[in-house]
Amino acid sequence: MNALPKNPPRPGFPPSPCVDICTLDDSNVCVGCKRTIGEIVDWSTMTAEEQWQVVNALPGRAATRTMTAQ
């Protein structure tokens, strides 16, 4: 029997940005996926549009966090 995917894709929704590095920094932002704790908690109840807004914001967050960490 094949195992089900951890988070099966849903039409119109982005895949979860989780990369299984679930550690929060001092600002309560995940060091793995760069989502805030609120975004992580609310992810499963967000609309597709809300999830896409978060996913589209993540590259900018990663760049900002990298620059401020140096």
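Residues numbered from 1 in each chain as written. Predicted model: local features only at pLDDT ≥ 70, side-chain atom pairs only at ≥ 80, totals over all residues. Heavy atoms only, no water.

Draft legend 1. Layout of unusual backbone geometry. Of note in the backbone geometry, aspartate 20 takes a positive phi value of approximately 60° without being a glycine. As for its placement among the helices and strands, aspartate 20 is situated in the segment before helix H1 (37-42). Of note in the backbone geometry, lysine 34 takes a positive phi value of approximately 75° without being a glycine. You can see lysine 34 is positioned in the segment before H1. When its relative accessible area of 18% is taken as the criterion, lysine 34 is described as buried. (Helix = DSSP H or I, 4+ residues; strand = E, 2+ residues; numbered from the N terminus. Buried < 20%, exposed > 50% of the residue type's maximum accessible area, 1.4 Å probe, protein only.)

Draft legend 2. Local environment of the packing of aromatic side chains. Summed over all chains, the structure comprises zero aromatic pairs. Lying across the ring of phenylalanine 13, arginine 10 places its NZ or CZ 3.7 Å from the centre. In this structure, arginine 35 packs its charged tip against the face of tryptophan 43, placed 5.0 Å from the ring centre. (Phe/Tyr/Trp six-rings, centres within 6.5 Å; stacked < 30°, edge-to-face > 60°. Lys NZ or Arg CZ within 6 Å of the ring centre and 35° of its normal.)

Draft legend 3. Representation of the pattern of salt bridges in the model. A full pass over the atoms with the stated rule returns one salt bridge. In this structure, the salt-bridge partner of arginine 61 is glutamate 39, at a minimum N-O distance of 2.6 Å. One end of the pair, arginine 61, is in helix H2 (residues 48-69); the other, glutamate 39, is in helix H1, with 22 residues separating them in the sequence. (Salt bridge = Lys/Arg side-chain N within 4 Å of Asp/Glu carboxyl O.)

Draft legend 4. Representation of the side chain of glutamine 51. Mapped onto the fold, glutamine 51 is located in helix H2. Setting aside chain neighbours within four positions, we find glutamine 51 in contact with Arg10, Phe13, Pro14, Trp43 and Met46. (Contact = heavy atoms within 4.5 Å.)

Draft legend 5. Main features of the side chain of arginine 35. With respect to the helices and strands, arginine 35 occurs in the segment before H1. Discounting residues that sit within four places of it in the chain, arginine 35 has contacts with Ser16, Pro17, Cys18, Asn28, Val29, Cys30, Ile40, Trp43, Val54, Leu58 and Arg61.

Draft legend 6. A look at the environment of proline 59. Structurally, proline 59 can be placed in helix H2. For proline 59, a relative accessible area of 56% gives the class exposed. The sequence separation of proline 59 and lysine 34 amounts to 25 residues, and the corresponding C-alpha distance is 8.7 Å.

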